[in-house]
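# Notes for the structure review
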Amino acid sequence: MNLTLYVWRQKGPKDAGRLVRYEAKDVSPDMSFLEMLDLVNEGLVRKGDDPIAFDHDCREGICGMCAQVINGIPQGPQKKTTVCQLHMRHFKNGDTIYIEPLRARAFPVIRDLVVDRGSLDKIIQSGGYISAHTGGVPDGNAILIPKDDADRAMDAAECIGCGACVAACPNGSAMLFTAAKVTQLATLPQGRTEAARRVCVMTEEMLGQGFGNCGNHYECQAVCPKDIKVQFIAKLNREFIKARLK
Amino acid sequence: MILDGKTPSGPLPEKWDKRKQEMKLVSPANKRKYRIIVVGTGLAGASAAATLGELGYNVESFCFQDTPRRGHSIAAQGGVNAAKNYPNDGDSIYRLFLDTVKGGDFRARESNVYRLAQVSGSVIDQAVAQGVPFARDYAGYLDNRSFGGAQVSRTFYARGQTGQQLLLGAFGSLMRQIRVGSVKLHPRTEMLDLVVVNGEAKGITVRDLVTGEVSSHAADAVCLCTGGYTNVFYLSTNAAGSNVTATYRAFKKGALFANPCFTQIHPTCIPVTGDHQSKLTLMSESLRNDGRVWVPKTKGDSRAPGDIPETDRDYFLERKYPAFGNLAPRDISSRAAKEVCDEGRGVGPGGRGVYLDFANAIGRLGEGTIRERYGNLFEMYGQITAENAYQQPMRIYPAPHYAMGGLWVDYNLESTIPGLFVLGEANFSDHGANRLGASALMQGLADGYFIISYTIANYLARATPGAVTTNHAEFLKSREDVACFTSKLLAINGKRTVNEFHRELGRLMWENVGMARSEASLKSALSLIPRLRAEFWENVKVTGTGTELNQELEKAGRVADFLEFGELMALDALHRNESCGGHFRVEYEMPDGEAKRDDENYCYVAAWEFKGVDKAPELHKEPLTFENVKLAVRSYK
């Protein structure tokens with residue numbers, strides 16, 4: 001099939017950036033979206049033009065690197081799917097596709113579709129872990145965890161840190177990302193010791209990094225490729241209130 | 001050169017304790033005076049950097065991705081082995097050791113494998129303490145499943161995302177050390193050279209992938225945790241960025257490269273669909289706990305799988321290996337799949353595929369149970385193929401997946417360059433000629449959490465901290481070399497893209513140095529690769545400049561290294577006149593088609609020394625002695 005693309009091109013952080021039109025010809029329906037971009041890029045390179053810069057790595061939907069905005073939707077139109085797992089069979093011949101970087105105050109554009117998501121790492125650095133020193137920990141089975149709790153922690157732990165939730169949020173909030181980590185660790189007995197401090201410092205760091213606050217739009221859940229639920233934000237809020245009332 | 005594995009003497013179970021007692025320590029007050037560079041942030045790199053930081057060393061952590069959480073360990077699905085024997089089904093440290101040595105077709109170093117089995121339990125404890133949400137049973141205890149090459153259930157798992165969860169655990173520990181200030185992180189930074197001063201590793205030269213700036217970093221020791229090289233085949237289950245550059249450039253600086261021809265072709269991947277494809281996707285081996293592998297009995301049977309009655313199906317793994325059935329080791333399962341496809345009984349477009357069928361398990365356990373166990377894998381399969389594997393069997397075919405070969409290291413994980421340590425998939429030491437499922441995660445974390453912290457101290461205690469700075473002539477030369485390499489690539493301005501060269505190299509490697517290798521195919525690879533390499537340096541087109549984010553330039557550097565490394569692989573495969581594990585030479589097979597090892601002549605590690613591009617590398621041998629297991633024909637029947 002043949003497609004018309006409008007792709008965001010921006011040389012660097014100081015460049016204003018613009019949408020540029022490209023024709024993608026002979027696209028196979030079995031291609032992934034990134035393979036379609038590979039095809040366009042090979043054409044650009046042959047002509048001596050700069051190819052479109054985009055982040056990607058595992059190409060199997062787990063590393064979280066490839067997020068971009070397709071037709072206005074972070075991680076594209078297919079539910080619960082990363083861009084690398086979105087296949088061209090979901091488009092049809094003659095379609096026009098708009099491709100842009102994730103847009104948020106906390107994610108400055110580096111080039112074209114590549115953004116800096118280092119601010120998400122800063123949130124984790126502030127306290128998104130259990131402070132277990134290597135060695136000197138108890139036997140794995142010494143800590144019993146009810147299956148439902150383990151499953152819930154796992155549901156939250158599936159976050160791949162792609163940042164689609166932030167770009168979808170009208171406030172540019174990283175609440176779903178933060179809440180997923182808070183929930184994972186607060187649900188497990190190992191994580192309770194630091195739970196009160198964790199929720200406070202992570203929330204504070206999130207705001208400090210330029211992310212907005214949650215306005216209950218639920219756009220984050222709608223675009224999350226791993227189906228992380230907004231219930232976790234409620235859990236974060238409960239943990240936060242408990243911590244503050246202590 | 002005499003290769004000394006530095007294995008401690010004494011009985012196998014006491015070796016590691018003995019070594020720990022012998023080794024020198026660095027006192028807490030002195031640790032901060034030492035700087036350690038850790039390249040890569042997968043399981044081995046993240047766990048090593050975090051652990052060394054916790055101990056008080058000054059650590060510099062490098063990765064080419066935008067954040068350390070994206071190391072390709074994240075894509076490991078099925079699980080992590082440990083000899084905990086929680087199910088009470090007969091497992092022990094010795095049995096995990098034995099399974100791993102046998103699974104590797106007796107081409108690994110006994111002492112290393114035993115130590116791996118010894119510390120495996122601690123890996124699980126550590127991960128649990130970090131909050132890794134492993135699967136639990138209804139009483140709250142850790143759950144286990146079984147994996148290929150084992151007759152016990154020793155695999156711990158977190159749905160189909162075990163690698164992701166273990167990596168995020170290590171990543172959390174790493175983030176904590178970054179906050180504390182013991183680890184400094186350099187994301188989007190690629191190592192392009194190792195700096196060796198007076199014969200010892202004292203730093204690296206890197207390129208900032210955003211600005212293009214080339215800079216050097218000096219340290220008292222360097223750890224490479226940079227993963228494997230199966231992207232030399234272009235199509236593999238590796239991430240697009242996975243490459244051989246860090247280890248290959250260390251090889252060019254004098255580190256020996258061991259067993260480069262030992263590559264693992266994983267049996268359960270989604271088959272190739274067309275030329276546009278940029279990667280192959282693995283379907284976890286854990287699926288073979290419940291999925292049954294089959295093809296039609298007769299050639300050219302084009303009926304839909306559901307229309308083929310039981311009597312017309314050949315469950316070839318169950319037929320050939322009744323003791324292990326669908327959980328036969330990876331090398332054996334892959335070859336068996338290739339064999340039935342070569343006979344013309346393959347399924348799907350092009351006939352390069354076999355069925356992995358869950359109908360039986362769904363009938364027995366219900367769709368809900370299967371969904372709970374493998375839901376994410378079925379979803380992924382559906383996204384890629386547009387087929388529903390709950391209703392029809394998956395189609396799978398082998399694909400390059402893992403590198404058992406890597407930089408040669410001794411028992412202390414130190415390469416032939418003092419001060420250069422190599423961890424995880426990047427080294428060669430534990431898996432011999434074939435890795436068993438769920439053992440990569442175990443090894444990466446064992447190296448990073450529990451081994452390097454001891455062995456690196458033994459080296460550092462003898463070194464003067466901060467002895468060399470980046471003003472040293474070797475650093476200056478290294479920066480010039482890297483800058484020169486970049487300008488050379490940009491100046492060619494030829495006609496063919498980097499991807500075209502990579503695809504052509506990949507096809508050539510797959511056809512000639514792939515699942516079945518022969519003297520003729522290897523010789524053909526050895527004549528074709530240098531030609532392709534020469535063409536690359538005359539005709540590749542790399543757009544843009546060196547002083548900006550330039551992904552074509554990044555790829556070009558990696559492909560340039562693959563174009564040299566592929567030749568080393570072929571040479572190693574040609575010299576090894578035997579079949580063992582993942583290295584299958586068609587001239588050496590048993591009457592029943594199994595690999596025919598030659599213990600008399602090839603029971604050694606082949607470690608290659610770089611002598612110059614277009615010059616033959618020199619072979620050094622580390623003999624493998626087996627004091628605790630009997631060398632035997634590997635049988636899974």
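Residues numbered from 1 in each chain as written. Chains lettered and ligands numbered in written order. Predicted model: local features only at pLDDT ≥ 70, side-chain atom pairs only at ≥ 80, totals over all residues.

### Observations regarding the domain arrangement of chain A
Residue and element names in this part refer to chain A.
- What the domain assignment lists for chain A is domain 1 (3-111) and domain 2 (117-245).
- Here domain 1 and domain 2 have C-alpha centroids that lie 29 Å from each other.
- Residue-level contacts link 18 residues of domain 1 with 17 residues of domain 2.
- Considering only residue class, the side of domain 1 that touches domain 2 consists of 10 nonpolar, 5 polar and 3 charged. (Domains from an automatic or database assignment. Contact = placed C-beta atoms within 7 Å. Nonpolar A, V, L, I, M, F, W, Y, C, P; charged D, E, K, R; others polar.)

### Re the packing of helix α14 (residues 498-513) of chain B against helix α16 (residues 551-575) of chain B
Residue and element names in this part refer to chain B.
- Two elements in contact, α14 and α16, have axes whose closest approach is 10 Å; the angle formed by their N-to-C orientations is 20 degrees. Classified by the angle between their axes, α14 and α16 sit roughly parallel to one another. For the pair α14 and α16, the crossing hand works out as left-handed. On α16, the residues that touch Val498, Phe501, His502, Leu505, Met509, Asn512 and Val513 of α14 are Glu552, Lys555, Ala556, Val559, Phe562, Leu563, Gly566, Met569, Ala570 and Ala573.
- By residue class, the composition of the contact of α14 with α16 is 12 nonpolar, 3 polar and 2 charged. (Axes fitted to C-alpha atoms, helices over the stretch in contact; angles between N-to-C directions. Helix = DSSP H or I, 4+ residues; strand = E, 2+ residues; numbered from the N terminus. Parallel < 35°, antiparallel > 145°, perpendicular 65-115°, else oblique. Left-handed = near helix turned anticlockwise from the far one by under 90°.)

### Concerning the pairing of strand β7 (residues 200-208) of chain B
Residue and element names in this part refer to chain B.
- With 7 of its 9 residues buried, β7 lies for the most part within the structure.
- Where strand β6 (residues 189-197) and β7 come together, 8 bridges link them in antiparallel fashion. Residue pairing across strands places Asp193 opposite Thr205, the latter belonging to β7.
- Connecting β6 to the next strand, β7, in antiparallel fashion are 2 residues, including Asn198 with a positive phi near 50 degrees. (Buried ≥ 20, exposed ≤ 12 C-beta atoms within 10 Å, placed from the backbone. Pairing = 2+ DSSP bridges.)

### Overview of the interface of chain A and chain B
- With 67 residues of chain A at the contact, the number on the chain B side is 60 residues.
- Secondary structure elements with two or more residues in the side of chain A that touches chain B: α1 (33-46), β6 (109-111), α2 (118-127), α3 (147-157), α5 (175-187) and α6 (189-192) of chain A.
- Looking at the side of chain A that touches chain B element by element, the count peaks at 7 residues for α1 of chain A.
- Of the residues belonging to the side of chain A that touches chain B, the class tally is 28 nonpolar, 21 polar and 18 charged.

### Thoughts on helix α11 (residues 367-385) of chain B
Residue and element names in this part refer to chain B.
- In a regular helix each residue adds 1.5 Å, so 19 residues correspond to 27 Å; α11 covers only 20 Å between its end C-alpha atoms and thus falls short of that length.
- Of all the bends in α11, the greatest measures close to 85 degrees and is centred on Tyr374.
- Looking at α11, one finds that the buried residues are Ile370, Arg373, Tyr374, Leu377, Phe378, Met380, Tyr381 and Gln383.
- Residues of α11 that are buried make contact with α10 (359-365) and β15 (394-403).
- Taken from the residues just after α11, Ala386 is the one with a positive phi, measuring 60 degrees. (Expected span 1.5 Å × (residues − 1). Bend = angle between axes of the 7 residues up to and from the residue.)

### Points about the domain arrangement of chain B
All names here are of chain B.
- Domain boundaries assigned for chain B yield domain 1 (268-399) and domain 2 (473-602).
- Spacing between the C-alpha centres of domain 1 and domain 2 amounts to 31 Å.
- Each side of the interface is counted separately: domain 1 has 6 residues, and domain 2 has 6 residues.
- Of all the elements, helix α9 (residues 330-342) adds the most residues to the side of domain 1 that touches domain 2, at 5 residues.

### What to know about the environment of Thr187 of chain A
Residue and element names in this part refer to chain A.
- Inspection of the secondary structure puts Thr187 in helix α5.
- The class for Thr187 is buried, based on 26 C-beta atoms found within 10 Å.
- Not counting residues up to four positions away in its chain, the partners in contact with Thr187 are Asp149, Arg152 and Ala153.

### Side note on the confidence of the model for chain B
- On average, residues of chain B score 96 in pLDDT, and 100% of them reach the 70 mark or higher.
- Model confidence for the complex: the whole-complex pTM is 0.98, and ipTM, which rates the interface, is 0.98. (pLDDT = per-residue confidence, 0-100.)

### Observations regarding unusual backbone geometry
- One non-glycine residue, Asp227 of chain A, lies in the positive phi region at around 60 degrees.
- One can find Asp227 of chain A in the loop between α8 (219-223) and α9 (231-245).
- One non-glycine residue, Asn259 of chain B, lies in the positive phi region at around 45 degrees.
- Taking the C-beta count within 10 Å as the criterion, Asn259 of chain B has 30 such neighbours and is therefore assigned buried.

### Points about the sheet that holds strand β12 (residues 292-296) of chain B
All names here are of chain B.
- Pairing in this open sheet of 5 strands is antiparallel, and the strands run β11-β15-β14-β12-β13 from one edge to the other. Pairing within the sheet leaves two strands with one partner each, and these edge strands are β11 (263-269) and β13 (313-314).
- By the bridge criterion, 3 bridges tie β12 to strand β14 (residues 354-357) in an arrangement that is antiparallel. Directly across from Trp294, in β14, lies its bridge partner Tyr355.

### What to know about the pairing of strand β2 (residues 58-62) of chain B
All names here are of chain B.
- Buried residues dominate β2, accounting for 5 of its 5 residues.
- Burial along β2 is two-sided: Asn58, Glu60 and Phe62 facing one way and Val59 and Ser61 facing the other are all buried.
- Where strand β1 (residues 35-39) lies against β2, 5 bridges are found, and the strand directions are parallel. Paired with Val38 across the bridge in β2 is Ser61.

### Concerning the nonpolar core
- The biggest cluster of nonpolar side chains holds 281 residues, and the ones touching the most others in it are Val166 and Leu176 of chain A together with Ile36, Cys223, Leu224 and Leu407 of chain B.
- With 13 residues, the top contributor of residues to this core is helix α12 (residues 440-460) of chain B.
- Residues in contact with Val166 of chain A, not counting those within four places in the same chain, are Leu102, Ala104, Ala106, Phe107, Gly172, Ser173, Ala174, Phe177 and Phe211 of chain A. (Core = buried A, V, L, I, M, F, W, Y, C linked by C-beta atoms within 7 Å.)

### Re helix α13 (residues 473-492) of chain B
- Between its first and last C-alpha atoms α13 of chain B spans 29 Å; for 20 residues at 1.5 Å apiece the expected length is 28 Å, and the two agree.
- Phi turns positive one or two residues past the end of α13 of chain B, at Asn493 of chain B, with a value near 50 degrees.

### As for the environment of Ser333 of chain B
All names here are of chain B.
- Relative to the helices and strands, Ser333 is located in helix α9.
- In this structure the C-alpha to C-alpha distance between Ser333 and Gly104, which are 229 residues apart in sequence, comes to 14 Å.
- Ser333 has contacts with Pro267, Leu317 and Ala328, leaving out every residue within four places of it along the chain.

### Observations concerning the sheet that holds β7 of chain B
Residues and elements named next belong to chain B.
- Taken in spatial order, the 3 strands of this open sheet run β6-β7-β8, and their pairing is antiparallel. Lying at the two open borders of the sheet, with one neighbouring strand each, are β6 and β8 (214-218). Along the sheet, successive strands turn relative to each other by an average axial angle of 30 degrees, direction set aside.

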